[in-house]
Amino acid sequence: MAAQFRSYVWDPALIVAQMVLLQAAYYSSLGLWLALLGAFGSTGPSLHQIFSDEILGFSTPPGRLSMMAFVLNALTCALGLLYFIRRGKQCLDFTVTVHFFHLLGCWIYNSHFPSTLTWWLVHIVCTALMAAIGEYLCMRIELREIPLNSAPKSNV
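In this text, all values refer to a predicted model and were calculated from it rather than measured experimentally. (Residues numbered from 1 in each chain as written. Predicted model: local features only at pLDDT ≥ 70, side-chain atom pairs only at ≥ 80, totals over all residues. Heavy atoms only, no water.)

## Side note on the overall build of the protein chain
Where we set the bar: Secondary structure follows DSSP: runs of H or I at least 4 residues long count as helices, runs of E at least 2 residues long count as strands, and numbering of each begins at the N terminus. Burial classes: relative accessible area under 20% of the type maximum marks a residue as buried, over 50% as exposed, and values in between as partly exposed (1.4 Å probe, protein chains only). Note on contacts: a residue pair qualifies if any of its non-hydrogen atoms lie within 4.5 Å across the two residues. Note on areas: Shrake-Rupley, 1.4 Å probe, and residue coverage restricted to the protein chains presented here.
Counting its secondary structure elements, the protein chain contains five helices and zero strands. Listing every helix and strand of the protein chain by position from the N terminus yields α-α-α-α-α. Relative to its 156 residues, the protein chain shows a buried fraction of 35%. For the protein chain, the share of sequence-separated contacts (at least 6 apart) that also reach a separation of at least 24 residues comes to 75%. Surface exposure of the protein chain reaches about 10100 Å², of which carbon and sulfur atoms provide 69%.

So, in structure tokens, the structure goes:
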């Protein structure tokens, strides 16, 4: 069997490790953004800000800060896709997986399915941002020129 350039071998352990790593990066960077932005609004990060569907909104300052944190987190996690996944065609899969597990976490934390429109809009926008920017960054790396040495190898 001939070797192929960038052949893909299905490795479930690698996929699970990447999912766990990306999920950990998602929540740690979200907590960091909430802490940084919370300094402006004099609120500390809490699980309620991460998992509650009712806190996100335009009417209150904590809601606006939380929405900004989610959007900035999408940009940060796009970098996580670049460093941990490194494949443009897998960015959408991993992005949807991260947000699906976040949806499950919100459902469990609140004991009801998220029903507010702003929660859904914020997460749809964040999913689109994270996937599109992550795919763009990964494609830039994948499309780099392959350096070729024009110097001859040794004459044996």
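Having seen the model, we can carry on.
## Brief notes about the pattern of salt bridges
Selection criterion: Salt bridges are identified by distance alone: a Lys or Arg side-chain nitrogen within 4 Å of an Asp or Glu carboxyl oxygen.
In the structure shown here, the tally under the stated rule is one salt bridge. Glu142 is the salt-bridge partner of Arg87, the closest N and O atoms lying 3.5 Å from each other. Of this pair, Arg87 sits in the loop between helix H3 (61–85) and helix H4 (91–110) while Glu142 sits in helix H5 (residues 117–142), and the two are 55 residues apart along the sequence.

## Some thoughts on the packing of aromatic side chains
What counts is decided by this rule: Note on ring pairs: Phe, Tyr and Trp rings are taken, using the six-membered ring of Trp, and paired if centres are within 6.5 Å. Classes follow the plane angle, with under 30 degrees stacked, over 60 edge-to-face and the rest tilted.
Evaluation of the coordinates by the stated rule reveals seven aromatic pairs. Between the aromatic rings of Trp107 and Phe113, the centroid separation amounts to 4.9 Å while the plane-to-plane angle is 85°, which identifies the pairing as edge-to-face. Taken together, a centroid distance of 5.0 Å and an interplanar angle of 80° make the contact between Trp119 and Trp120 edge-to-face. Exposure remark for Trp119: the relative accessible area of 2% places this residue in the buried category. Under the relative-accessibility criterion, Trp120 is labelled partly exposed at 31%. An aromatic cluster is present here, built from Tyr26, Tyr27, Phe51 and Tyr109 joined pairwise through their rings.

## Some details on the UniProt feature "transmembrane region" (unreviewed entry) in the protein chain
To be explicit about the condition: UniProt positions are given in the numbering used here, feature names are shortened, and annotations may be inferred rather than shown by experiment.
Listed under "transmembrane region" (unreviewed entry) in the UniProt record, and renumbered for this structure, are residues 12–36, 65–85, 92–111 and 117–138. For the annotated span residues 65–85, helix accounts for 100% and strand for 0% of the residues, and the straight-line distance between the end C-alpha atoms is 29 Å.

## Observations concerning unusual backbone geometry
Within the chain, Arg86 stands out as a residue other than glycine whose phi angle is a positive 65°. Looking at where Arg86 falls in the secondary structure, it is placed in the loop between H3 and H4. Overall, Arg86 belongs to the partly exposed group, its relative accessible area being 45%.

## Focus: the confidence of the model for the protein chain
Definition in use: For every residue, the pLDDT score states the predictor's confidence, bounded by 0 at the bottom and 100 at the top.
Chain-level pLDDT for the protein chain is 87 on average; 90% of the residues reach the 70-or-more range. Within the protein chain, the lowest mean pLDDT, 89, falls on helix H2 (residues 47–51), and the highest, 94, falls on H4.

## Notes on the packing of helix H1 (residues 12–41) against H4
In plain terms, the rule: As a rule, the C-alpha atoms of each element are fitted with a line to give its axis, helices using only the stretch in contact, and angles between N-to-C directions run from 0 to 180 degrees. Convention used here: angles under 35 degrees read as roughly parallel, angles over 145 as roughly antiparallel, angles from 65 to 115 as roughly perpendicular, and any remaining angle as oblique. Left-handed describes a crossing whose near helix is turned anticlockwise from the far helix by less than a right angle; the clockwise case is right-handed.
For the pair H1 and H4, the least separation of the axes is 10 Å and the interaxial angle reads 60°. Relative to H4, H1 is oriented oblique. In this structure, the crossing between H1 and H4 has a hand that is right-handed. Facing Ile15, Gln18, Met19, Leu22, Gln23, Tyr26 and Tyr27 of H1, the residues of H4 in contact are Phe94, Thr97, Val98, His99, Phe101 and His102.

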